[in-house]
Every structure is written in structure tokens, then in C-alpha cells.
Amino acid sequence: MEPVKGKAWIFPDDVNTDVIYPGRYMSITDAEETPKYLFETVYPDFRQKAKPGDVIVAGKYFGCGSSREQAATAIRYFGIGCVVAESFARIFYRNAINLGLPIAVVPGIREHVSEGDEIEVDLAGGELINHTAGKELTFDPLPRFLLDLIGQGGLIPATRKKLGLM
Amino acid sequence: MGMTRSSLTGSSLTGSPLTLAEKILAKKAGKDKISAGEIVQAKVDVAMSHENGRMVKLSFERIGVEKVWAPEKIVIIFDHRVPAESERTAIGQKELREFVKAQGIKNFYDINVGVCHQVLVEEGFSRPGILLVGTDSHTTTAGALGAFATGIGATEMAAVWATGELWLRVPETLKIVVNGKLPRGVYAKDVILNIIGRIGADGADYKAIEYSGDTISSMSIASRMVISNLSMEAGAKVAFVIPDSITEDYVKTRAKGPYEMISPDPYATYLSEHTFDVSDLEPQLACPHQVDNVKPVTEVEGTKINQAVIGSCTNGRLEDLQEAARVLKGRKVHPEVRLLVVPASWKIFKEALSEGIIETLVDAGAVLVNAGCGPCLGAHQGCLAPGEVAVTSTNRNFQGRMGSAEAFLYLASPATVAASAIEGKLADPRKYLEA
């Protein structure tokens with residue numbers, strides 16, 4: 001898996017799925033349409049400022065709340081390169097992996113990265129470089145099984161492969 | 001209410017005693033040995049989706065399999081936006097109705113049955129010892145009957161529809177023991193809010209919880225469902241009440257399929273153990289905007305409210321409506337408050353109707369909403385305006401959850417919601433519940 005390189009956007013602890021993707025848009029099922037509502041209620045200017053390839057850097061328990069997959073879908077289809085958080089809520093973590101959205105758990109991350117820093121994340125190698133601050137961090141990579149799922153583009157391609165459909 | 005934390009270690013003398021989560025997953029993964037932290041491929045017994053089954057369907061079609069793996073194990077229940085609040089929802093529901101017909105999925109419940117977690121229990125899909133997954137976070141509710149029940153995303157549900165299997169990380173388990181007789185005006189909702197306040201909104205993230213103790217074992221199935229439902233708000237992957245005779249009495253007459261009364265092994269290894277004594281507990285409220293921002297009613301009473309909601313998969317069952325009616329009987333909802341009552345199912349509605357509860361609530365000034373998720377997720381049927389305050393028996397008080405991001409939500413028991421509706425401000429229900 002190639003390292004992800006982009007600009008960091010800092011988020012607090014406990015960013016819940018209602019904040020990431022409001023419940024009122026849950027009937028939207030077209031993945032391409034979901035980024036239009038990403039962070040709409042609480043961070044309405046995020047979509048104007050951030051660019052595909054950028055990295056979300058968050059505190060603990062990112063993605064807590066409902067099981068709505070659109071929270072991970074909207075981030076993935078916006079083109080965010082990776083979400084790095086101190087910890088993730090369980091269902092968001094699963095959805096991200098199953099959709100092939102790269103994620104990394106890096107305790108204490110926000111002490112080492114400020115908004116706008118250029119960072120590079122090597123998911124498989126467990127290394128994060130902050131080019132702006134000139135810092136390097138290491139972290140425990142996800143288990144191999146999960147990295148493989150992300151690498152294959154998520155559970156749909158992985159299931160197709162398993163069933164001999166590709 | 002005290003709490004102790006201590007680490008219990010597994011007995012090395014008896015081999016490897018297993019928690020309830022480990023026991024069920026070992027069985028479903030076909031393994032003799034299993035331990036927390038490992039990832040297994042497990043076979044699913046029940047796969048539930050609501051309207052988001054449409055997203056599952058889209059992912060399922062992308063996988064490219066023609067038929068679902070076992071139509072009798074799939075359950076589809078419409079509850080989130082019933083009746084359809086928009087053309088978009090109507091189209092989604094229509095597509096899904098056609099899909100269940102084409103796939104031969106008989107366990108389909110249209111807009112006239114109830115909230116998925118309630119229907120799963122009422123209709124006998126939630127059973128001890130099974131692996132139940134649902135595309136809704138509050139699927140943990142079925143843990144009240146001893147099921148390994150957990151919420152998953154739409155894409156992974158599509159993989160379940162295609163293969164009947166799912167990767168699951170075997171969770172570590174928190175053992176939570178609750179003892180003591182609940183005081184007047186204090187309910188399962190107050191117990192679980194207090195626990196979440198103490199262990200935190202991520203206190204059980206990716207973990208299983210096993211609940212036991214005399215408070216839990218004397219609770220009805222309905223009350224146990226409150227505990228397992230709201231455990232999700234502490235991050236729990238699964239929240240078991242260890243199945244007992246109350247569970248079996250409930251399940252044996254309605255079980256749709258086999259079940260097994262599985263208990264954890266003595267000396268299983270727990271991540272931590274927490275013991276609570278609830279005999280002096282006061283009514284509790286989760287204050288804006290976090291479910292773990294929990295305070296006793298005596299600290300927050302007097303805050304003016306605009307809306308009061310009784311219902312949802314958390315607290316929309318018969319005993320909840322009965323308690324609300326006890327508080328509201330012969331009284332009136334404050335003229336500046338909108339009280340919405342949303343039974344968790346039509347079965348419950350009919351029982352409440354025949355007991356005269358509905359009449360009591362409507363006479364008091366309540367607006368009755370059809371069984372479903374209603375205003376809980378802010379899609380329709382009771383959204384709030386900026387600056388408004390609601391007290392609600394539902395499960396989340398996140399910013400923007402019930403409409404405006406500038407509204408404020410307090411979570412409480414149905415009795416506390418009813419008392420607050422009378423006074424037009426957050427109120428202590430105990431004064432309306434004299435013995």
C-alpha cells in the first residue's frame with residue numbers, strides 16, 4: 001500500500017456520525033452524492049477548504065454514534081486520503097475498512113500535527129512523517145487482515161475475489 | 001452509588017474459561033479455542049436491515065451474486081421514515097419491497113409493525129446464543145436476551161447477504177454487576193445513564209459487556225432491553241444480559257428458530273469489573289450534547305423545555321407508556337410544551353389502547369405518533385427549531401440529532417419526560433409517583 005500524503009485538518013475528540021453526515025440525508029444512497037453533505041451542520045466550510053488527498057487528524061472516538069455508512073462513504077468519496085485518529089468508534093472503524101478508506105490509530109497524534117501541516121502516512125509500515133514540523137512518529141499498524149481488506153479496496157472487491165467473481 | 005474497578009484474571013487451572021462473547025463466537029466460527037483480540041470469520045443466524053437495506057442491496061448488486069445466501073435468515077423492517085416523508089424515501093422503500101419479493105425474503109415488515117429492535121424481540125428473531133447482526137447501531141438491544149447482537153455497516157451486510165459470514169474481532173469483556181432495589185421513580189434508563197456517565201461514552205468501545213446482579217436479574221425483558229440498547233452509547237459492540245428463566249419464558253413461545261441458553265464460564269477473563277449499588281440512585285439525565293454528560297435530576301430541574309418525547313427503541317414499550325400515564329393521569333401537559341408519544345410497535349400501541357393508557361396520554365394533551373423511529377433521528381415528526389430544548393426518552397442527545405444543531409436535548413426516563421411535560425421545565429418525577 002502506497003503512503004498517503006496530504007494536508008492535515010484537525011478535529012476534536014468525539015466527532016460523531018451526526019456531525020460527519022447528518023441523519024436527514026440518510027436516505028441518499030448514491031455514494032458520489034454523499035460528500036455534498038460532509039460535516040455540513042458543524043463544519044460547513046470544510047468542503048470548500050479541504051482537497052482530495054488531504055488527511056483528517058482527529059482525537060479520540062472518531063465516528064461515534066450511529067451505524068450510518070454514509071459517514072465513512074462521504075469521507076472516502078470526498079477523496080480524503082486517510083483518517084488518523086487517537087481512537088475510532090467501532091462501527092465507523094469497520095465501515096472505513098470495509099469501504100477501503102485508509103485509517104490509522106495513532107495515540108497522541110494531535111500533539112504532533114497542527115492544522116495545515118503536510119503529513120505523510122505509511123499505513124502498513126506504521127510511520128507518520130510531519131514534513132512541516134520535521135517530525136517522525138511510529139504507530140502500530142492495523143492487523144494484516146485489515147490492511148489487506150483496505151488494500152483490496154474494501155469488502156466488496158474482497159468478497160468478489162473470494163466467490164471467484166473476479 | 002459506588003463503583004469498584006479491579007482486574008479479574010482467568011484461572012489457569014481450568015484451561016481457558018470463556019466469556020459469553022467468546023463462547024458464542026467460537027461456536028459461530030467453528031473453533032475450539034478462541035481469545036479476545038483475534039479476528040474470526042463467523043456464521044450469521046439473523047441479518048436485519050431497515051430502510052438502509054436499500055444501501056445493502058446496492059452493495060449486494062455490486063458484489064454480483066444473484067441470490068441471497070439464506071432468505072429465511074434475512075429480516076427487513078421499515079421503521080426510520082414511516083410513512084415515507086419524501087419522494088426519495090418512497091422510491092427506496094418501493095425498491096426494497098420489490099427486492100424482498102424477488103429474493104423470497106418472507107421476514108419483511110412494512111410500515112405498520114414497529115421499530116426494528118422491538119420487532120426482532122417481539123417476533124422471536126432475538127434469541128439466546130445466536131449471532132445477530134443489523135445495519136443499525138442499536139442492534140445491541142437483542143443482547144438483553146443473550147444474543148451476540150451487534151450493529152454493522154451496509155457494505156458488510158451485503159457481504160453477509162452474499163456469503164452468510166462476516167469478519168469479527170473477538171471483543172474483550174467488561175463485567176458489570178448491578179445490585180440493589182430501584183427506588184420509586186428510578187428505572188432501567190436511570191441505571192444505564194448513570195453507568196454511561198461513569199464509564200464514559202467510549203468506556204466500552206469495541207468491547208462486550210456482561211450485565212448481572214440482582215437489579216438486572218429482577219428486571220423485565222423490556223427493562224433489560226433499555227440496558228442493552230443504551231450500552232451502545234458507551235461504545236459497546238455487544239451488551240449481554242446473561243440469559244435466565246425470565247429470558248427463557250419470554251423466548252420459548254415465540255422463538256423463530258433454535259436457541260441455546262449459554263452462560264459465561266466461571267473464572268472467564270474480564271478486562272475489568274464494575275460493581276454498582278443502585279438503591280440510592282436518583283433519576284438521571286444526559287445533558288447536551290453528550291450521552292455521558294449525566295447529572296441527577298436535582299441538579300438540572302427547572303430548565304425550560306419546548307418539546308417532550310416518549311418512545312423509541314430505548315423506551316417506547318408498554319411499561320414505559322404505563323409509567324408515563326401514571327405521571328400524567330388527570331394532569332395536563334404544560335401549554336407551551338409539545339408532548340410526542342411514539343410507541344415502539346403497533347402491538348404495544350394496541351396493548352396500551354386496551355389498557356386505557358393511550359386515552360390518558362391524549363387527554364393530558366399528548367400527540368400520538370405512529371410506531372417507528374419518529375423524531376429520534378431528526379428526519380421528521382418532531383424536529384426542533386434553533387434555541388429549543390427537548391427532554392426525550394430516546395438514546396442520543398448529539399448536536400443536531402433532533403433537527404436544529406442549535407437545539408438542546410436531554411435524555412431521561414419516560415417518567416421524567418412526563419413530569420417535565422407537565423411543568424414545562426425539567427422536573428423530578430418522584431413527586432408524581434407517591435406510593
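Calculation criteria
Residues numbered from 1 in each chain as written. Chains lettered and ligands numbered in written order. Predicted model: local features only at pLDDT ≥ 70, side-chain atom pairs only at ≥ 80, totals over all residues. Helix = DSSP H or I, 4+ residues; strand = E, 2+ residues; numbered from the N terminus. Rg over C-alpha atoms; globule rule 2.2 N^0.38 Å. Contact = placed C-beta atoms within 7 Å. Nonpolar A, V, L, I, M, F, W, Y, C, P; charged D, E, K, R; others polar. Axes fitted to C-alpha atoms, helices over the stretch in contact; angles between N-to-C directions. Parallel < 35°, antiparallel > 145°, perpendicular 65-115°, else oblique. Left-handed = near helix turned anticlockwise from the far one by under 90°. Buried ≥ 20, exposed ≤ 12 C-beta atoms within 10 Å, placed from the backbone. Pairing = 2+ DSSP bridges. Right-handed = clockwise from strand over helix to strand, strands pointing away. Domains from an automatic or database assignment. Core = buried A, V, L, I, M, F, W, Y, C linked by C-beta atoms within 7 Å.

Each helix and strand counted, chain B has 15 helices and 19 strands in total. Here chain B has a C-alpha radius of gyration of 21 Å; the compact-globule value for 435 residues is 22 Å, and the two agree. C-alpha extents for chain B along the principal axes are approximately 60 × 55 × 40 Å. Here the contacts in chain B between residues at least 6 apart in sequence split such that 78% fall between residues at least 24 apart.

Taken together, the contacts link 43 residues of chain B with 35 residues of chain A. Sorting the residues of the side of chain B that touches chain A by element identifies α2 (53-63), α3 (87-103) and α5 (154-163) of chain B as the ones contributing at least two each. Considering every element that reaches the side of chain B that touches chain A, the biggest residue donor is α5 of chain B, with seven residues. When the residues that make up the side of chain B that touches chain A are grouped by side-chain class, the tally is 16 nonpolar, 16 polar and eleven charged.

A separate point is the packing of helix α12 (residues 318-328) of chain B against helix α14 (residues 357-364) of chain B. Residues and elements named next belong to chain B. Interaxial distance between α12 and α14 falls to 9 Å at its minimum, and their mutual angle equals 45 degrees. Classed by the angle they form, the pair α12 and α14 counts as oblique. Here α12 runs over α14; the crossing is left-handed. For the pair α12 and α14, contact is made by Leu 321, Gln 322, Ala 324, Ala 325 and Leu 328 and by Ile 357, Thr 360, Leu 361 and Ala 364, respectively.

A regular strand carries its side chains on alternate faces of the sheet. Residue and element names in this part refer to chain A. The alternating pattern of strand β3 (residues 82-85) places Cys 82 and Val 84 on one face and Val 83 and Ala 85 on the opposite face, and all of these are buried. By the bridge criterion, four bridges tie strand β2 (residues 55-58) to β3 in an arrangement that is parallel. By the bridge assignment, Val 57 is partnered in β3 with Val 84. As for the winding sense of the linkage, the β-α-β connection from β2 through helix α3 (residues 70-78) to β3 is right-handed.

This part covers the domain arrangement of chain B. Interfaces are often sized by the amount of accessible area the parts lose when they come together. Residue and element names in this part refer to chain B. If you check the domain split of chain B, you get domain 1 (5-276) and domain 2 (285-432). Computed from C-alpha coordinates alone, the two centres of domain 1 and domain 2 are separated by 25 Å. Counting residues at the interface gives 32 residues for domain 1, matched by 33 residues for domain 2. Mapped onto the side of domain 1 that touches domain 2, the elements with two or more residues apiece are α4 (116-122), α6 (188-199) and α8 (221-231). Here the side of domain 1 that touches domain 2 takes six residues from α6, the largest share from any one element.

This brings us to the packing of helix α6 (residues 155-162) of chain A against α5 of chain B. Helices that pack against each other are described as a pair by the angle of their axes relative to one another and the distance between those axes. Across the interface, α6 of chain A lies against α5 of chain B with an axial gap of 9 Å and an inter-helix angle of 15 degrees. Overall, the two elements α6 of chain A and α5 of chain B adopt an arrangement that is roughly parallel. Two packed elements cross with a definite hand, and for α6 of chain A against α5 of chain B that hand is right-handed. Of the residues in α5 of chain B, those touching α6 of chain A at Leu 155, Ile 156 and Thr 159 of chain A are Thr 155, Glu 156, Ala 158, Ala 159, Ala 162 and Thr 163 of chain B. Broken down by class, the residue content of the contact of α6 of chain A with α5 of chain B amounts to five nonpolar, three polar and one charged.

Residues and elements named next belong to chain B. If you walk across this open sheet you meet the five strands as β5-β4-β3-β6-β7, and the pairing is parallel. The sheet is open, and its two edges are formed by β5 (108-109) and β7 (148-151), each paired on a single side. In this structure, strand β6 (residues 131-134) lies alongside β7, joined through four bridges in parallel fashion. Bridge assignment links Gly 134 to a residue of β7, and that residue is Gly 151.

Looking now at unusual backbone geometry. Residue Val 82 of chain B is joined to Pro 83 of chain B through a cis peptide bond whose omega torsion reads -15 degrees. Inspection of the secondary structure puts Pro 83 of chain B in the loop between β4 (74-77) and α3. Cis peptide bonds are those with omega within 30 degrees of zero, and the linkage from Pro 288 of chain B to His 289 of chain B qualifies with -10 degrees. Looking at where His 289 of chain B falls in the secondary structure, it is placed in the loop between β13 (284-286) and β14 (294-296). For Phe 39 of chain A, which is not glycine, the phi torsion reads 55 degrees and is therefore positive. With respect to the secondary-structure elements, Phe 39 of chain A resides in the loop between α1 (17-20) and α2 (46-49). A positive phi angle, close to 65 degrees, is found at Tyr 206 of chain B, a residue other than glycine.

Among the nonpolar cores identified, the biggest contains 201 residues, and Val 83 and Val 84 of chain A together with Ile 227 of chain B are the most heavily contacted of them. Split by domain, the residues of this core number at least three in each of domain 1 (5-276) and domain 2 (285-432) of chain B. Dropping the residues within four chain positions of it, Val 83 of chain A is found in contact with Ile 56, Ala 58, Phe 62, Ile 75, Ala 96, Leu 101 and Ile 103 of chain A.

Below, the discussion takes up the sheet that holds strand β1 (residues 4-10) of chain A. All names here are of chain A. As summarised here, the arrangement of the seven strands in space is β4-β3-β2-β1-β5-β6-β7, forming an open sheet in which the pairing is mixed. One side of each edge strand has no neighbouring strand; the edge strands of this open sheet are β4 (103-105) and β7 (135-138). Neighbour to neighbour, the strand axes of the sheet diverge by 25 degrees on average, direction disregarded. As judged from the three bridges shared by β3 and β4, these two strands associate in the parallel manner. Across the sheet, the residue bridging to Ala 85 is Val 105, located in β4.

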